[in-house]
Amino acid sequence: MDHTEDRAELNELMAVRREKLRDLIEMGIDPFGERFERTHLAREIVDRFEALEGQDTVIAGRIMSLRAHGKATFADLMDSSGRIQLYFRTDVLGEEQYALLQKVDIGDILGIAGRIFRTRRGEISVEVHSMKFLSKSLRPLPDKWHGLKDVDLRYRQRYVDLIVNPGVREVFETRSRIIQSLRNFLVERGYIEVETPMLNVIAGGANARPFVTHHNTLDMDLYLRIAPELYLKRLLVGGFEKVFEIGKNFRNEGISTKHNPEYTACEIYAAYADAEDMMKLTEDIFVHIAKEVAGSTKIVFQGQEIDLTPPWPRLPMLEAIKQYSGVDLTGMNDEEARKAAKEKGLEVEPNASYANVVEEFFDTFVEPKLIQPVFITDHPVEVSPLAKRKKDNPTLTDRFEPFIVTWEVANGFSELNDPVDQEQRFRQQMAQRELGDEAAHMMDDDYIRALEYGMPPAGGLGLGIDRMVMLFTDSPSIRDVLLFPHMRPRPKG
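What you see is a predicted model, and the numbers here were worked out from it, not measured in a lab.

Participant: What am I meant to see in the overall build of the protein here?
Facilitator: Scanning the protein from N- to C-terminus turns up 16 helices and 21 strands. When the backbone C-alpha atoms are referred to their principal axes, the protein occupies close to 90 × 55 × 50 Å. A burial count over the protein gives 50% of its 493 residues as buried. Partitioning the contacts of the protein with sequence separation of at least 6, the portion at a separation of at least 24 is 65%. With an accessible surface of roughly 24800 Å², the protein has 49% of that area assigned to carbon and sulfur atoms. Each charge class in the protein can be summarised by its mean position, and for the 64 positive and 82 negative side chains these summaries are 5 Å apart.

Participant: Explain the sheet that holds strand E9 (residues 220–224) to me, please; I cannot follow it from the model alone.
Facilitator: Strand pairing in a sheet relies on backbone hydrogen bonds. The paired strands run either parallel or antiparallel. Across the sheet, 3 strands lie side by side as E7-E9-E8; this open sheet has antiparallel pairing. The open sheet has two edge strands, strand E7 (199–200) and strand E8 (212–215), and neither has a second partner. Pairing of E8 with E9 involves 4 bridges; the strand directions are antiparallel. Directly across from His215, in E9, lies its bridge partner Met220.

Participant: Whenever I open this one, a nonpolar patch on the surface confuses me. Can you help?
Facilitator: A contiguous nonpolar patch, built from Tyr159, Leu483 and Phe484 and spanning about 350 Å² of accessible area, is present on the exposed surface. Position of Tyr159 among the secondary structure elements: in helix H7 (residues 158–164). The exposure class assigned to Tyr159 is exposed, which follows from its relative accessible area of 51%.

Participant: I tried to follow the packing of helix H12 (residues 334–343) against helix H13 (residues 354–366) on my own but got confused; where do I start?
Facilitator: Describing two packed helices takes the angle between their axes plus the distance from one axis to the other. As a packed pair, H12 and H13 sit with axes 8 Å apart at the nearest point and diverge in direction by 25°. As far as their axial angle goes, H13 and H12 are roughly parallel. As for the relative orientation of H12 and H13, their crossing is left-handed in sense. Mapping the contact onto sequence places Asp334, Ala337, Arg338, Ala340 and Ala341 in H12 and Tyr354, Val357 and Phe361 in H13. Of the residues belonging to the contact of H12 with H13, the class tally is 6 nonpolar, no polar and 2 charged.

Participant: Whenever I open this one, unusual backbone geometry confuses me. Can you help?
Facilitator: With glycine set apart, most residues show a phi of negative sign, and most peptide bonds adopt trans. The omega torsion of the bond from Pro310 to Pro311 falls at 0°, within 30 degrees of zero and hence cis. On the secondary structure map, Pro311 appears in the loop between strand E13 (304–307) and strand E14 (314–316). Although it is not a glycine, Asp474 sits at a positive phi angle of roughly 55°. By the element assignment, Asp474 lies in the segment after helix H16 (465–473).

Participant: Explanation requested: the nonpolar core in the structure shown.
Facilitator: With 47 residues, the main nonpolar core has Ile268, Ile285, Leu463 and Phe472 as its most contacted residues. Contributing elements (two or more residues each) for this core: helix H8 (166–188), strand E10 (242–250), strand E11 (262–271), helix H10 (275–293), strand E12 (298–301), strand E18 (399–404), strand E21 (458–464) and H16. Discounting residues that sit within four places of it in the chain, Ile268 has contacts with Leu186, Tyr191, Val243, Phe244, Met278, Leu281, Ile285, Gly459, Gly460, Leu461 and Leu463. Ala42, Ala75, Leu86 and Met131 belong to the second largest nonpolar core, which has 25 residues in total.

Participant: Which parts of the structure should I look at to understand the pairing of E12?
Facilitator: Taken residue by residue, a regular strand's side chains alternate between the two faces of the sheet. The alternating pattern of E12 places Ile299 and Phe301 on a buried face, while none of Lys298 and Val300, on the opposite face, is buried. Joining the antiparallel neighbours E12 and E13 is a turn of 2 residues, in which Gln302 adopts a positive phi near 50°.

Participant: Would you explain the side chain of Asp79 in this entry?
Facilitator: Here Asp79 shows up in strand E2 (residues 72–79). With no salt bridge to any partner, buried Asp79 finds its closest opposite charge in Arg38, at an N-O distance of 4.4 Å. At 2.8 Å, the side chain of Asp79 forms a polar contact with the backbone nitrogen of Ala42. A polar atom in the side chain of Asp79 sits 2.7 Å from the side chain of Ser81. Residues within four places of Asp79 in sequence aside, it is in contact with Arg38, Leu41, Ala42, Ala60 and Arg169.

Participant: Would you mind showing me how to read the packing of aromatic side chains here?
Facilitator: Here the distance between the centres and the angle between the planes together describe a pair of aromatic rings. Across all of its chains, the model carries 10 aromatic pairs by this definition. Centroid distance Phe286 to Trp312: 5.6 Å. Interplanar angle 65°. Geometry classified as edge-to-face. In this pair, Phe286 sits in helix H10 while Trp312 sits in the loop between E13 and E14, placing the two residues 26 residues apart along the sequence. Each member of the pair, Phe286 as well as Trp312, carries the same accessibility label: buried. In textbook terms, an aromatic cluster arises when at least three aromatic residues are bridged by ring pairs, as seen for Phe286, Trp312, Phe375, Phe400 and Phe472. When the ring centre of Phe185 is taken as reference, the NZ or CZ atom of Arg189 above it lies at 3.6 Å. Across from the ring centre of Tyr231, 5.0 Å away, lies the NZ or CZ of Arg234, which sits over that ring.

The rules behind these values
Residues numbered from 1 in each chain as written. Predicted model: local features only at pLDDT ≥ 70, side-chain atom pairs only at ≥ 80, totals over all residues. Heavy atoms only, no water. Helix = DSSP H or I, 4+ residues; strand = E, 2+ residues; numbered from the N terminus. Buried < 20%, exposed > 50% of the residue type's maximum accessible area, 1.4 Å probe, protein only. Contact = heavy atoms within 4.5 Å. Areas by Shrake-Rupley, 256 points an atom, 1.4 Å probe, with all protein chains shown as cover. Lys, Arg positive; Asp, Glu negative; His and termini not counted. Charge placed at Lys NZ, Arg CZ, Asp CG, Glu CD. Pairing = 2+ DSSP bridges. Patch = residues over 30% accessible without salt bridge, like charges linked within 9 Å, V, L, I, M, F, W, Y side chains within 5 Å. Salt bridge = Lys/Arg side-chain N within 4 Å of Asp/Glu carboxyl O. Axes fitted to C-alpha atoms, helices over the stretch in contact; angles between N-to-C directions. Parallel < 35°, antiparallel > 145°, perpendicular 65-115°, else oblique. Left-handed = near helix turned anticlockwise from the far one by under 90°. Nonpolar A, V, L, I, M, F, W, Y, C, P; charged D, E, K, R; others polar. Core = buried A, V, L, I, M, F, W, Y, C linked by side-chain atoms within 4.5 Å. Polar contact = N/O pair within 3.5 Å; in protein donor to acceptor, adjacent residues only side chain to side chain. Phe/Tyr/Trp six-rings, centres within 6.5 Å; stacked < 30°, edge-to-face > 60°. Lys NZ or Arg CZ within 6 Å of the ring centre and 35° of its normal.

Here is the structure:
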């Protein structure tokens, strides 16, 4: 069947449903109902059947199947808890009410009053005594005509995906549990949840290309935030010692199985802590959530067992590159690093810096190998403008990125609290922007001013909530864990 035939069949089915809609209205029946009070959910009836057998019940939900057998009809009703079978009989409903079943389609939402019982075949069911239309479905569910197999369409029409693929809802229920578990974990350890602006005068806190918008009254451009980091550290200056924020960040960059233009992150800051403290916190968070969600620190992702049991190995970035590529970049200058890249077949810009080459080596040779949890540490200063330098090597920073199943799942470091060093780093970033790097950090004079009042030594951690959910729900694409992921518009027709 080609697409033209598909559309013709769909149009015919929709026409029939609209005719039934008109019939109901002519009969004086409201097809779209009103408030409806239930006594039970489907799962509750099944789980408590021994206690509820023979009792009356009032339930509501979507009709997912209809099977007529002469003067009796079976149907499956689905609510938020699951499915239960309905049993319609002429001698119970009466001829007039039973005839109304002719106006019921798969997808309709009905209110049902009836008696809880078990059929001769042993299936827990509700014998229907009366029914009420709560919403007439004017468009057939996909599995009625060709099935919702198209992954692209599932993401675009998540409302249908949730109806016909019940397992999808479980992913988002798990997502909610993960976020709640994380929030409870931090609050119990003395962290205060705060909110910071999403509309920023300066796009700061990360190296990323921002979205730009315009405020009409003030006649000024604003940026959707790329990270809340600089605001949260201002709070450390002001006297808060343990803060966190869970919210959306926006980055005007590519879309992939691991990236979406807007994503959810949790940023955490603790005064008087450092990177080592935040690595321990990272391990504790993942273990806590694993036990709450999976019941174990060992989980399975895409058929492979992942052991989250701490401590996770610490592997310096240059050492990791040497281990997986065979090239030791330690101590090289820019030109030597570019030459080493060329010899390994890497494409880097003619003016690429040493730090740029390090990143390219890491992305190509190391990242794909990092399956089990590991902390990659000691990143170059040039790509870590907000992290404190290492005391024993000022060209590197006290920074870490935990990797699991080849993904960077977080980013953290000992926070730079030296305003002089921070201003110099911002100026270096501005020089990169002038050379065309739109992701380089902007100068934030007010943040420098805040640091000049004194920020205590601190540790910071940013967690990618979406990737965490992907890991714990065995979801290979970020679109599987976003209710409404961004999609390229489909061509008309």
